[in-house]
Amino acid sequence: MRETINGADLRRMIISAAAAIEINKQALNELNVFPVPDGDTGTNMSMTINSAASDLRKTEDPDLEKASKVAASAMLRGARGNSGVILSLLFRGISKRLKGSEECDGVLWAQALQEGVDAAYKAVMKPAEGTILTVARLSAAIEEAVKALADTVNQNPVLKKAGVVDAGGKGWVVALEAMLSALQGEDVVLPENGAVTETKQSADFSDFNTEDITFSYCTEFIISRENDHDPENLRAFLSELGDSLVLVDDDEIIKVHVHTNDPGKALTEALNYGSFVTVKIENMRLQHTEKVLSEQEVAPKIAKPEKPLGVVSVCAGAGLADVFQNLGVDQIISGGQT
């Protein structure tokens, strides 16, 4: 039985976890109703951890500190969505605890996991039980994490309404199990045919209305730190502007995730702290509507073609339009280089 892990082991564990989450991402998406029923938790967690896996594959023979640092840094910069940012914070705490260590035993690993949970709780503005945070807090043993995951449906009223466990928490359990498998010599790898895990449990997204989404825009950005302005002031400003706020900073960047109805205000305020590295804004109401429509398999009605081929001409000016109409085009669109 393995008693310690080194940098090479941690590298394999994280790459294995990334593959497992990628395989299970659609199943995780089908559970995602909290904090917003937009069905993208699996995708966000996969993109986040795979940014670390990509960098680790390029890192040859890393020691334990370097492997954990590379992973944490890549995940912070590549974090997507609420669950992705929290996942990056879990690994950031793990990296912080493993700093200066050449090997990690069971006791140190438990401490590292707890450090990760502490980092996530501190960064999340309003931590909610029944989420990935709860599962991670009890994950010194996978058996306990699985029990914690099963109980999330009872801890969170939104999950109880949908009758599902937390998507982010499920993703964390998937990651832990894959990391253990890697240590046991059974690395999780992506199948060549791209097969994914079948969905065993899913939420009915039609149970939730777009009106249930208080803040429409999932707003994420990274700004480079270019002055000594306190990020806590930015946190305070954003907490008044929306919810689901997660803010984390280091010596180089500030990473923000927030749900708001006015992303412009959030971005304008952020410019006081530095210049943008990345910006992403998504309309969660549209995401929810698309998810509901996909569940209902609503297909657009398409008229039967009147003839095998049609010709559309884009014309600048009435003169050209007349020419093409005389040539027999089916439709004219007024436009040009602009």
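Position numbers for residues count from 1 along each chain, tracking the sequence in the order it is written. In keeping with the model being predicted, local features are shown solely for residues with a pLDDT of at least 70 and side-chain atom pairs are shown and tallied solely at 80 or more, while totals for entire chains, interfaces and linings include all residues. Each side-chain value is derived from all of the structure's non-hydrogen atoms; neither hydrogens nor water enter the calculation.

**Observations concerning helix H11 (residues 263-270)**
For every residue, the accessible area obtained with a 1.4 Å probe (protein chains only) is divided by the maximum for its type, and the residue is called buried under 20%, exposed over 50%, and partly exposed between those limits. Secondary structure elements are taken from DSSP: a helix is a run of H or I of four residues or more, a strand is a run of E of two residues or more, and numbering for both begins at the N terminus. Within H11 the residues assigned to the buried category are Pro-263, Ala-266, Leu-267 and Ala-270. Axial view of H11: buried residues confined to an arc of 95 degrees, hence all on one face. Contacts: residue pairs with any heavy atoms within 4.5 Å of one another. Its buried side turned inward, H11 meets strand E3 (217-224), helix H10 (231-239), strand E5 (253-260) and strand E6 (276-283). Note that the arc is defined by the directions from the helix axis to the C-beta atoms.

**Thoughts on the environment of Gly-130**
Among the structural elements, Gly-130 can be located in the loop between helix H5 (106-123) and helix H6 (132-137). Here Gly-130 falls in the buried class, since its relative accessible area comes to 0%. Measuring from C-alpha to C-alpha, the distance between Gly-130 and Leu-159 comes to 8.2 Å, with 29 residues separating the pair along the chain. Each residue touching Gly-130, except ones within four places of it in the same chain, is listed here: Thr-152, Gln-155, Asn-156, Leu-159 and Asp-166.

**Quick notes on the sheet that holds E6**
Strands pair, by our definition, only if DSSP identifies at least two bridges between them. Overall, antiparallel pairing links the four strands, which are arranged E4-E5-E3-E6 in an open sheet. At either end of the open sheet lies a strand with only one pairing partner, and these are strand E4 (242-249) and E6. Averaged over all adjacent pairs, the angle separating strand axes in this sheet is 5 degrees, with direction ignored. Here E3 pairs with E6 via seven bridges, running antiparallel. Pairing of Tyr-217 across the sheet is with Asn-283, part of E6. In this description, a line fitted to the C-alpha atoms serves as the axis of each element, helices being fitted only across the stretch in contact, and the angle between N-to-C directions of two axes falls anywhere from 0 to 180 degrees.

**Topic: the pattern of salt bridges**
If the charged atoms of two oppositely charged side chains come close together, the side chains can form a pair. Any carboxyl oxygen of Asp or Glu that lies within 4 Å of a side-chain nitrogen of Lys or Arg is treated as forming a salt bridge with it. The tally for this structure, following the rule as stated, stands at eight salt bridges. One salt bridge connects Glu-282 with Arg-80, and the closest N-O pair in it is separated by 3.5 Å. Residue Glu-282 is found in strand E6, and its partner Arg-80 is found in the loop between helix H3 (64-78) and helix H4 (81-98); the two are separated by 202 residues along the sequence. Each member of the salt-bridge network shares a partner with another, and the members are Arg-80, Glu-220, Lys-280 and Glu-282.

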